[in-house]
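Residue-level structural notes
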Amino acid sequence: WARRDMKRRALYEQHEMERSNLRVLKKNDILPSAVREKAAKDMDKLPLDSSITRVRNRCVLTDRGRGIVGKYRISRIMFRYYADKGLIA
């Protein structure tokens, strides 16, 4: 799972500017519809994994994909384990 997530993060980083530019063109009401449709088609040609919604927050210790404490980037289980030991302030 971690490799897949790392691949998605790399794809997102690679296509971030292009995707954001196309999104702006696609949602602009002032531009002619032909330009907006072309932007939508170009956006459809981008890899699906290059979207930010495909990136999953994962625990840096256990690679768990659910129950992540965002501030510490670890799972709730590891957070509780370290908090019980007094290692998290």
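See above for the structure.
Definitions and limits used
Residues numbered from 1 in each chain as written. Predicted model: local features only at pLDDT ≥ 70, side-chain atom pairs only at ≥ 80, totals over all residues. Heavy atoms only, no water. Helix = DSSP H or I, 4+ residues; strand = E, 2+ residues; numbered from the N terminus. Rg over C-alpha atoms; globule rule 2.2 N^0.38 Å. Buried < 20%, exposed > 50% of the residue type's maximum accessible area, 1.4 Å probe, protein only. Contact = heavy atoms within 4.5 Å. Patch = residues over 30% accessible without salt bridge, like charges linked within 9 Å, V, L, I, M, F, W, Y side chains within 5 Å. Areas by Shrake-Rupley, 256 points an atom, 1.4 Å probe, with all protein chains shown as cover. Salt bridge = Lys/Arg side-chain N within 4 Å of Asp/Glu carboxyl O. Lys, Arg positive; Asp, Glu negative; His and termini not counted. Charge placed at Lys NZ, Arg CZ, Asp CG, Glu CD. Axes fitted to C-alpha atoms, helices over the stretch in contact; angles between N-to-C directions. Parallel < 35°, antiparallel > 145°, perpendicular 65-115°, else oblique. Left-handed = near helix turned anticlockwise from the far one by under 90°. Nonpolar A, V, L, I, M, F, W, Y, C, P; charged D, E, K, R; others polar. Phe/Tyr/Trp six-rings, centres within 6.5 Å; stacked < 30°, edge-to-face > 60°.

As for the overall build of the protein
Across its full length, the protein carries three helices and two strands. Along the chain direction, N to C, the helices and strands of the protein fall in the order α-α-β-β-α. A compact globule built from 89 residues would reach a C-alpha radius of gyration of about 12 Å, whereas the protein, at 19 Å, exceeds it by more than 25%. Overall, the C-alpha framework of the protein stretches about 60 × 25 × 15 Å when taken along its three principal axes. Split into buried and exposed, the 89 residues of the protein put 21% on the buried side. A separation threshold of at least 6 residues defines the contact pool for the protein, and within that pool the share at least 24 residues apart is 37%.

Re a positive patch on the surface
On the surface, Arg 56, Arg 64, Arg 66 and Arg 76 cluster together to form a positively charged patch. Position of Arg 76 relative to the elements: it lies in helix 3 (residues 76-84).

Observations concerning the packing of helix 1 (residues 2-27) against helix 2 (residues 33-45)
Interaxial distance between helix 1 and helix 2 falls to 8 Å at its minimum, and their mutual angle equals 150°. The angle between helix 1 and helix 2 falls in the class roughly antiparallel. Handedness of the helix 1/helix 2 crossing: left-handed. From helix 1, Arg 19, Leu 22, Arg 23, Leu 25 and Lys 26 reach across to helix 2, where they touch Arg 36, Ala 39, Ala 40, Asp 42 and Met 43. For the contact of helix 1 with helix 2, the class distribution of residues is five nonpolar, no polar and five charged.

A word on the pattern of salt bridges
All chains considered together, the criterion is met by five salt bridges. In this structure, Arg 8 engages Asp 49 in a salt bridge whose closest nitrogen and oxygen atoms are separated by 3.2 Å. Of the two residues, Arg 8 is situated in helix 1 and Asp 49 in the loop between helix 2 and strand 1 (68-69); the sequence distance between them amounts to 41 residues. Take Asp 49: its relative accessible area is 17%, and that puts it in the buried class. A salt bridge links Asp 49 to Arg 54; its shortest N-O distance comes to 3.1 Å. Relative accessible area serves as the criterion here: at 32%, Arg 54 is assigned to the partly exposed category. Linked by salt bridges that have partners in common, Arg 8, Asp 49 and Arg 54 make up one network.

Regarding the packing of aromatic side chains
For the coordinates displayed, the defined rule picks out two aromatic pairs. Ring geometry for Tyr 72 against Phe 79: centres 5.4 Å apart, planes inclined by 40°, an arrangement best described as tilted. Residue Tyr 72 is classed as partly exposed on the basis of its relative accessible area, which comes to 31%. On the accessibility criterion, Phe 79 (26% relative accessible area) is partly exposed. A ring pair is formed by Tyr 81 and Tyr 82, whose centres lie 5.2 Å apart and whose planes are at 70°; its orientation type is edge-to-face. Given the relative accessible area of 25%, Tyr 82 is considered partly exposed.

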